[in-house]
Amino acid sequence: APWWNYRVVMGHLGWVRAVAFDPGNEWFATGSADRTIKVWDLAAGKLRLTLTGHIGTVRALAVSSRHPYMFSAGDDKQVKCWDLEYNKVIRHYHGHLSGVYALNLHPALDLLATGGRDATVRVWDMRTKVEVFALGGHRDAVNSVVCQSPDPQIISASADATVRLWDLTAGKCFSTLTHHKKGVRAVALHPTEFSFASVSADNIKSFALPRGDFMRNFSGFDTIVNALAVNEDGVLVSGADDGRIGFWDYRSAHNFQDSKTIVQPGSLESEAGIFAAGFDKTGTRLVTCEADKTIKMWKEDENATPETHPLNWKPTLVPKRF
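Residues numbered from 1 in each chain as written. Predicted model: local features only at pLDDT ≥ 70, side-chain atom pairs only at ≥ 80, totals over all residues. Heavy atoms only, no water.

**Side note on the overall build of the protein chain**
Argument step 1. Scanning the protein chain for helices and strands turns up zero helices and 28 strands.
Argument step 2. The C-alpha atoms of the protein chain give 19 Å as radius of gyration, which agrees with the globular expectation for 322 residues (20 Å, within 12%).
Argument step 3. The dimensions of the protein chain, computed from C-alpha atoms along their principal axes, are 55 × 45 × 35 Å.
Argument step 4. A total of 322 residues make up the protein chain; the buried ones form 56% of that total. (Helix = DSSP H or I, 4+ residues; strand = E, 2+ residues; numbered from the N terminus. Rg over C-alpha atoms; globule rule 2.2 N^0.38 Å. Buried < 20%, exposed > 50% of the residue type's maximum accessible area, 1.4 Å probe, protein only.)

**Examining the nonpolar core**
Argument step 1. Counting residues in hydrophobic clusters, the biggest one holds 17 residues, and the most contacted among them are Ile204, Phe218, Leu228, Leu236 and Tyr250.
Argument step 2. For this core, the elements supplying multiple residues, two or more each, are strand E18 (184-189), strand E19 (195-200), strand E20 (204-208), strand E21 (213-218), strand E22 (225-230) and strand E23 (235-240).
Argument step 3. The dominant element in this core, judged by the number of residues it contributes, is E22, at three residues.
Argument step 4. Membership of the second largest hydrophobic core comes to 14 residues, among which are Tyr69, Phe71, Leu112 and Trp124. (Core = buried A, V, L, I, M, F, W, Y, C linked by side-chain atoms within 4.5 Å.)

**Some thoughts on the sheet that holds strand E1 (residues 3-9)**
Argument step 1. Sheet architecture is open: four strands sit in the order E1-E28-E27-E26, paired in antiparallel fashion. The sheet is open, and its two edges are formed by E1 and strand E26 (274-279), each paired on a single side. On average, each strand axis in the sheet is tilted by 25° relative to the strand beside it, whichever way the strands run. (Pairing = 2+ DSSP bridges. Axes fitted to C-alpha atoms, helices over the stretch in contact; angles between N-to-C directions.)

**Observations concerning a negative patch on the surface**
Argument step 1. Negative charge collects at one region of the surface, where Glu232, Asp233, Glu300 and Glu302 lie side by side.
Argument step 2. Inspection of the secondary structure assignment puts Glu302 in the segment after strand E28 (295-300). (Patch = residues over 30% accessible without salt bridge, like charges linked within 9 Å, V, L, I, M, F, W, Y side chains within 5 Å. Areas by Shrake-Rupley, 256 points an atom, 1.4 Å probe, with all protein chains shown as cover. Salt bridge = Lys/Arg side-chain N within 4 Å of Asp/Glu carboxyl O. Lys, Arg positive; Asp, Glu negative; His and termini not counted. Charge placed at Lys NZ, Arg CZ, Asp CG, Glu CD.)

**A few points about the side chain of Asn231**
Argument step 1. Among the structural elements, Asn231 can be located in the loop between E22 and E23.
Argument step 2. In terms of polar contacts, Asn231 uses its side chain to reach the backbone carbonyl oxygen of Gly283, at 2.9 Å.
Argument step 3. In this structure, Asn231 is in contact with Trp3, His190, Pro191, Phe279 and Gly283, ignoring residues within four places of it in sequence. (Polar contact = N/O pair within 3.5 Å; in protein donor to acceptor, adjacent residues only side chain to side chain. Contact = heavy atoms within 4.5 Å.)

So, in structure tokens, the structure goes:
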């Protein structure tokens with residue numbers, strides 16, 4: 001069914017660069033180039049809280065499902081741990097040599113992984129603030145990091161056009177995927193299937209885990225994609241630099257909807273751009289963070305039927321290329 005933009009949330013004074021959802025699905029947090037983190041009510045779309053403290057763009061956010069903590073990272077090289085009971089910073093993780101672009105929490109251990117412009121993925125012990133591993137190997141900035149419980153426990157995507165799968169126990173890279181031709185900007189884990197998708201300026205590709213075997217190309221969306229998100233129903237969302245947003249079927253790689261976000265009145269046409277996207281915990285609401293300083297919320301059209309929105313999917317007979 002088609003998705004539509006049912007709400008536009010304003011409030012940030014700069015590009016909105018990151019989004020993270022509360023495990024209880026009541027609120028979500030966004031990080032912006034105005035150096036603030038804002039916490040919004042998911043149902044009402046109202047502002048609950050503004051957290052200040054970063055001195056550079058907030059580029060990555062994550063909310064822990066095991067502790068009342070939120071983690072943020074930014075261009076100011078800082079990785080902060082916020083206690084959500086006091087809404088204060090309680091820890092700093094110090095060691096990145098440059099801006100931090102990505103941050104993710106391990107679902108089962110008290111570890112967080114961050115990646116940034118210094119091309120290393122750093123793994124931190126949440127409680128003691130110790131850098132457990134500095135995973136080196138990427139040759140350019142790390143744009144995205146995801147963590148999961150089974151091996152490979154850390155997957156990182158970098159501007160050197162590779163995706164690396166890391167063995168967390170050994171602290172080594174056990175596989176490097178070189179399928180992309182340009183820098184990889186985002187990775188998204190499938191919530192139920194043991195696979196992930198990654199995107200660069202050439203196309204979106206999905207890979208099977210644990211070995212990272214190539215599955216399929218999502219082609220025909222010829223723009224630079226910055227954001228990826230997948231929900232349980234197998235809807236893959238890609239948000240692009242020019243404001244286009246593509247909805248794909250994860251299994252068949254069919255692009256069933258291709259919309260363009262509408263910029264805020266008074267914005268330039270060039271301010272249509274999506275930097276981050278995320279589904280809430282139910283997978284029924286999508287939040288996109290955009291260059292016109294807004295946050296847009298999307299949901300599926302309940303009234304759509306196969307008659308009103310026919311599916312014109314034709315299987316491609318082109319041989320599968322990497």
